[in-house]
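Below are the chains, spelled out letter by letter.
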Amino acid sequence: MYRGREGQWAFYLHRISGLGILVFLMLHVANIASAMWGPEVSNALMKFYHQPVFQIGLLLLIAGVLYHGFNGLRIILMDFTSWGVRYQRQLWYPHSAPLLPPR
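Residues numbered from 1 in each chain as written. Predicted model: local features only at pLDDT ≥ 70, side-chain atom pairs only at ≥ 80, totals over all residues. Heavy atoms only, no water.

Caption draft 1: A look at the overall build of the chain. Broken down by element type, the chain carries 4 helices and 0 strands. Start at the N end of the chain and walk to the C end: the helices and strands fall as α-α-α-α. Once local pairs closer than 6 in sequence are excluded, the contacts in the chain between residues at least 24 apart make up 52%. A total of about 8000 Å² of accessible surface is found on the chain, and carbon and sulfur atoms cover 73% of it. (Helix = DSSP H or I, 4+ residues; strand = E, 2+ residues; numbered from the N terminus. Contact = heavy atoms within 4.5 Å. Areas by Shrake-Rupley, 256 points an atom, 1.4 Å probe, with all protein chains shown as cover.)

Caption draft 2: Seen up close, the packing of helix α1 (residues 6–33) against helix α3 (residues 52–80). Across the interface, α1 lies against α3 with an axial gap of 8 Å and an inter-helix angle of 130°. For the element pair α1 / α3, the angle class is oblique. In this structure, the crossing between α1 and α3 has a hand that is left-handed. Counted together, Trp9, Ala10, Leu13, His14, Ser17, Gly18, Gly20, Ile21, Phe24 and Leu27 of α1 and Phe54, Leu61, Gly64, Val65, Tyr67, His68, Asn71, Gly72, Arg74 and Ile75 of α3 form the full contact between these two elements. Grouping the constituent residues of the contact of α1 with α3 by class yields 11 nonpolar, 8 polar and 1 charged. (Axes fitted to C-alpha atoms, helices over the stretch in contact; angles between N-to-C directions. Parallel < 35°, antiparallel > 145°, perpendicular 65-115°, else oblique. Left-handed = near helix turned anticlockwise from the far one by under 90°. Nonpolar A, V, L, I, M, F, W, Y, C, P; charged D, E, K, R; others polar.)

Caption draft 3: Quick look at the environment of glutamine 88. One can find glutamine 88 in helix α4 (residues 88–92). Spatially, the C-alpha atom of glutamine 88 lies 7.3 Å from that of glycine 7, the residues being 81 residues apart in sequence.

Caption draft 4: Examining the packing of α1 against helix α2 (residues 39–49) more closely. The interhelical angle for the contact between α1 and α2, taken along N-to-C directions, is 145°, at an axis separation of 9 Å. Facing α1, whose interface residues are Leu27, Ala30 and Asn31, α2 presents Leu45, Met46 and Tyr49.

Caption draft 5: Up close: the environment of leucine 61. If you trace the backbone, leucine 61 turns up in helix α3. With a relative accessible area of 15%, leucine 61 lands in the buried category. Residues leucine 61 and glycine 18, spaced 43 residues apart in sequence, show a C-alpha to C-alpha distance of 9.9 Å. (Buried < 20%, exposed > 50% of the residue type's maximum accessible area, 1.4 Å probe, protein only.)

Caption draft 6: Just the environment of asparagine 31, in detail. Looking at the secondary structure, you find asparagine 31 in helix α1. For asparagine 31 and tyrosine 49, which are 18 residues apart along the polypeptide, the C-alpha to C-alpha distance reads 9.2 Å. Those residues in contact with asparagine 31 that lie beyond four places of it in its chain are Leu45, Met46 and Tyr49.

Encoded structure:
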């Protein structure tokens, strides 16, 4: 099913986007937890997060969440339908064929 084709790339990108979401979640929890050490620490950390690299990272996070969600729906279709694996390529390239199989 994979062998270097669409399924394998979808798998890799799904894992990478999941790890990116996890990293964001850890940074988010650390940011909220920094309030325990007072407003000086919390404000310094918030100022640190306003650097351009984190702003670009936020855009990448949005793209990662969207990809992870839509690919998760594709995985659900592959796991819980009888036609999902047969139409894996069309599910990866939605513009190439209709989503539902012909009757």
